[in-house]
Amino acid sequence: VYGEPPPPPATAEPSLYYQSPPVFTAVSAYANLAASTPLRLYQVKPDGEREEVKSHDALDRLQDPNDFLTRFELFFHLAADWNIGGNAFWFMAGPARGAPTEIWRCNPRTTRLIRSRDEYIAGYVTEIDGELVPLGRNEVIHFRLPHMLDDFYGAGKLTVAAMAAQTGRAMDQWNYRMFKQDHAIPAGIVAMEGNMSPADFDRFKAEWKKNHGNGGRRTAFLNNAKVQFHSVGLNQTDVDFLKGKTYQREVIYRVFGTEHLLDPNNADTSKMFERRFLEGHAWPFLVYVGEVLTDQYMAYWPGKWAVEFDDIRPRERSLDLEEQREKAKGLFFNEWRREAGLEPKPGWDDVLYVQAAAGMTPAMLEQQEKPPEPGPATEPPAPEPDDDEPDSDATQPEDAQERAERQENAGSEYGDDVGERHNKAVDWTAVHRELGQWERFALKRWGSDVARPFRAAATPPAVAHIIQALLDNCDSEEAVKATFERMHEIIDGELAAKGSFGTPSGTVVFYLRDVETVLSIQQNVMRQLPSGAPVRWTPIEQLHITAVYSPLVDKSAFRDIYQVAARNFATPISVTASRVTTFDGDGDAIPIVALVDQNDELRRVQTSVYAAFVTHGVAVSEYSVPDDWQPHITLGYIDRAYAQSRQVAVDMPIAIEC
């Protein structure tokens, strides 16, 4: 009738929570985070796809549990109870076998479960104002921190940290008694040789009172060799008071995983501890709570649901920006704002996201020259002849191999630099804008009997030729949209950091395991150049060795090639970067590279990847041919004119792994 009583460890002394500052701080860190992290509800469809639900009775109930409890308080108590005692209970108040209309917190110190041989747990009993209230099993949600020695109740972290918390509290009490008013502790005994006459004793007391009483203070009073002082008490140094308190605080914070609350030696240490807390302690707790709410709370509503907290784990800012850029490819600025839940900006409907990210405004775009559209009664003027376009039907446009050779021989674009473009002759922002205009032009005239070609002005002729060929094969408006989305990706793919794993730049690279070692080479070169030198250094996350570069490759073909590369590159390869120099070219900037010595394993992997490209009929750069391949690490790019006046060369052999 009275239920299975919780074991003593499950009901840790609550006074340690509010009488131990480290415990209070650690628990509050958990509780505040859990109470302030957004919660999302998803409906799981039969095909496994999930759709976020913004409005639902379950969300309303969590947002407003009852008239005396807020969402913040509900989840604060959940996290605090779970950390302190290992158990937290929610009572679902409402109609029988129906969705709850209120949610109440049950004090884990006065809540017991009722065991059953048939149902494992038959129900619960909680105490309110001295009265035991029975609760059904389906009326209570039990959150528990797994306990290896108990199948029913959880084990709180305060149980583990109780000794340290009690020791710290005892030290605080000792410190208080030592310094509080009218509480003197004798530090020693004054000993004198022989007996003291009453007259000498009166004189001694008067001198003591004069020198040390009535607010006065003297540092010494023993001026008689026959008077000695014997220490009999313990001071703070004797009991190692300060170090002891620091140790107890560290123990508590380690148990709770909140070491970032300690006074860090430096900012990096604090960030490391905070990341460890978020990834290894707080996030698993939120995942567990989400699973319990999915399995037990959402069971009150029909259908298949999933409850999840927003991911609080730290992310690299560069990855967030890369993900945002990938999602925004081909989108207009206001389209991106709508998808992000933001209000569209008036006048920005025709501005691409990439243009806005580059600092372009509608006014700036209006000032730029727009390609003329032909009138309804006249045919558009023929495009001006271009050396890169075919002069006749017998002359074919350059293929991907010729384009790669022309680009690399001219030095305008280096195929070895994954994700970086150095061609200053093309305004790629203008190309993005023109592709958007071309897409609207094509969709507006879709299905028309008269097909008027779009005259490209900013788009390179070779790219425009490819676009027109793809449009000629489109059989629907969706195909037209997909074509332009693909072309945005092709152009942007050359800009994305390490974005060449896939279409359009089919580049296979060796990632560096000892990137810090390579960074030291880069920093050595930096020190040799004066401050303000016209150099753009390669970011640490983009340092690599290119194996094979192809300017354009199909997705399916590259997927097969990548699998070949993965099979042949299963273990790290040790290489040596022997010398730093520059590569010549005709561009405005030339690369600063660290030459890598070839060895049998490196040559074997590169040759197998090259063979995979050739087998699939994919054109590659001439510098990717095994006999002409020179492995290197691009450290940065330096202005050509400046490099001609100052030699950049360093001999410093360094062993690295890739």
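Thresholds, definitions, all that
Residue indices begin from 1 for each chain and proceed along its sequence in written order. Confidence filtering applies because this is a predicted model: local features only for residues at pLDDT of at least 70, side-chain atom pairs given and counted only at 80 or more, and all residues used for totals across whole chains, interfaces and linings. As a rule here, side-chain values come from all non-hydrogen atoms in the structure, and water together with hydrogens is ignored. Helical segments are the DSSP runs of H or I of at least four residues, strand segments are the runs of E of at least two, and each set is numbered from the N terminus. Exposed residues in this analysis have more than 50% of their type's maximum accessible area, buried residues have under 20%, and partly exposed residues fall in between, with area computed by a 1.4 Å probe over protein chains only. Residue contacts follow a heavy-atom distance rule, with two residues in contact if any of their heavy atoms lie within 4.5 Å. Methods summary: accessible areas were calculated by the Shrake-Rupley approach with a probe of 1.4 Å, and residue burial reflects only the protein chains presented. To estimate how far a helix should extend, the number of its residues minus one is multiplied by 1.5 Å. Polar contacts, as counted here, are pairs of nitrogen or oxygen atoms within 3.5 Å of one another; within protein the pair requires one atom able to donate a hydrogen and one able to accept it, and residues that are adjacent in sequence qualify only if both atoms are side-chain atoms. Any two strands with at least two DSSP bridges between them are considered paired. Note on method: axes are straight lines fitted to C-alpha atoms, helices fitted across the in-contact stretch only, with angles between N-to-C directions ranging 0 to 180 degrees. In the sections that follow, a salt bridge refers to a side-chain nitrogen of Lys or Arg positioned within 4 Å of a carboxyl oxygen of Asp or Glu. In this tally, Lys and Arg are treated as positive and Asp and Glu as negative; His is ignored, and so are the chain termini. To define a nonpolar core, start from buried Ala, Val, Leu, Ile, Met, Phe, Trp, Tyr and Cys residues and group those joined through side-chain atoms within 4.5 Å. Orientation categories follow fixed angle ranges, with anything under 35 degrees roughly parallel, anything over 145 roughly antiparallel, 65 to 115 roughly perpendicular, and all other angles oblique. Crossing handedness follows the turn of the near helix against the far one: under a right angle anticlockwise gives a left-handed crossing, and clockwise gives a right-handed one. In the scheme used here, Gly and all other residues not listed as nonpolar or charged are polar, with Ala, Val, Leu, Ile, Met, Phe, Trp, Tyr, Cys and Pro taken as nonpolar and Asp, Glu, Lys and Arg as charged. Put simply, two rings from Phe, Tyr or Trp (the six-membered ring, in Trp's case) pair if the centres are within 6.5 Å, and we call them stacked under 30 degrees between planes, edge-to-face over 60, tilted for the rest.

Quick look at the overall build of the chain now. Across its full length, the chain carries 20 helices and 18 strands. Residue burial in the chain is summarised as follows: out of 658 residues, 40% are buried. For the chain, the share of sequence-separated contacts (at least 6 apart) that also reach a separation of at least 24 residues comes to 72%. Here the chain displays about 37,200 Å² of accessible surface, and carbon together with sulfur accounts for 50% of that area.

Before going further, it helps to examine helix 19 (residues 600–615). Over its 16 residues, helix 19 extends 22 Å from the first C-alpha to the last, a length consistent with the 22 Å expected when each residue adds 1.5 Å. All of the buried residues along helix 19 are L602, V605, Q606, S608, V609, Y610, A612 and F613. At the N-terminal end of helix 19, a side-chain oxygen is found 3.3 Å from the backbone nitrogen of E601, two or three residues along, and the residue is N599.

This part takes up the sheet that holds strand 3 (residues 87–93). Taken together, the 3 strands give an open sheet; going across it, the order is 4-3-8, and neighbouring strands pair in antiparallel fashion. For this open sheet the edge positions go to strand 4 (102–106) and strand 8 (140–144), each flanked by a neighbour on one side alone. Averaged over neighbouring strand pairs, the angle between their axes works out to 25° when direction is ignored. Strands in contact with helix 4 (residues 71–85) are strand 3, strand 4 and strand 8; relative to strand 3, the strand with the most contacts, it is inclined by about 145°.

Overall, the coordinates contain 13 salt bridges when judged by the stated rule. Between R313 and D311 there is a salt bridge; the shortest N-O distance is 2.8 Å. You can call D311 partly exposed: its relative accessible area is 44%. For E601, the salt bridge is made with R604, and the minimal N-O distance between the two is 2.6 Å. Residue E601 and its partner R604 are both found in helix 19; the two are separated by 3 residues, about one turn of the helix. Given a relative accessible area of 37%, R604 falls into the partly exposed group. Through salt bridges with shared partners, one network takes in R40, E52, K54 and D310.

A word on the sheet that holds strand 11 (residues 305–309). Read from one edge of the open sheet, 3 strands run 2-1-11, paired in antiparallel fashion. A strand with exactly one partner marks an edge of an open sheet, and here the two such strands are strand 2 (50–53) and strand 11. For this sheet, the mean inter-axis angle between neighbouring strands, taken without regard to orientation, is 35°. The pairing of strand 1 (residues 39–44) with strand 2 spans 4 bridges and is antiparallel. Bridging across to strand 2, V44 finds its partner in R50.

With that settled, the discussion passes to the side chain of R71. In this structure, R71 sits in helix 4. The buried charged residue R71 lacks any salt bridge, with D310 as its nearest oppositely charged partner at 8.8 Å. Polar side-chain contacts of R71 include one of 3.0 Å to the backbone oxygen of T37. Ignoring any residue separated from it by four or fewer positions in sequence, one finds R71 in contact with A35, T37, P38, L39, L62, Q63, P65 and F309.

The backbone phi angle of Y120 is positive, close to 70°, even though this residue is not glycine. Turning to its location among the elements, Y120 is positioned in strand 6 (residues 120–128). The backbone phi angle of D129 is positive, close to 55°, even though this residue is not glycine. In this structure, D129 sits in the loop between strand 6 and strand 7 (131–136). According to the relative accessible area criterion, D129 is exposed, its value standing at 80%.

This part is about the nonpolar core. One finds F75, W90, F143, F256, L293 and Y297 to be the most contacted residues of the largest nonpolar core, which totals 55 residues. Top element by residues in this core is helix 8 (residues 267–297). It accounts for 10 residues. Residue contacts for W90: discarding those within four places in its chain leaves L62, L74, F75, L78, I103, W104, E139, V140, I141, F143 and L293.

As a further point, take the packing of helix 2 (residues 21–36) against helix 4. Closest axis-to-axis distance for the helix 2/helix 4 pair is 8 Å, and the angle between their directions is 140°. One finds that helix 2 runs oblique with respect to helix 4. Between helix 2 and helix 4 lies a crossing of right-handed hand. Here helix 2 contributes V27, Y30, A31, N32, A34, A35 and S36 to the contact with helix 4, which in turn contributes R71, F72, F75, F76, A79, A80, N83 and I84. Across the contact of helix 2 with helix 4, the residue classes tally to 11 nonpolar, 3 polar and 1 charged.

Here helix 4 contains 15 residues, and its C-alpha end-to-end distance of 21 Å stays within 8% of the 21 Å for a straight helix at 1.5 Å per residue. Every buried residue belonging to helix 4 is among R71, L74, F75, L78, A79, A80, D81, W82, N83, I84 and G85, and all of these are buried. Of the residues flanking the end of helix 4, it is G86, one or two places downstream, whose phi is positive at about 85°.

Following the criterion strictly, the structure yields 15 aromatic pairs and no others. Measuring from centroid to centroid gives 5.1 Å for W90 and F143, while their planes differ by 70°, and the two rings are edge-to-face. Taken together, the positions of W90 in strand 3 and F143 in strand 8 put the pair 53 residues apart, joining distant regions of the chain. Of the two residues examined, W90 and F143, each falls in the buried class. Taking 5.0 Å as the distance between ring centres and 45° as the angle between the ring planes, the aromatic pair formed by F333 and W348 counts as tilted. Linking F333 in helix 10 (residues 333–339) with W348 in the loop between helix 10 and helix 11 (353–357), this pair joins segments that are 15 residues apart in sequence.

Summarising burial for strand 17 (residues 632–639): 7 of the 8 residues are buried, a large majority. Sheet analysis places strand 13 (residues 535–537) next to strand 17, joined by 3 bridges and oriented antiparallel. Residue pairing for strand 17: R536 is matched across the bridge by Y637.

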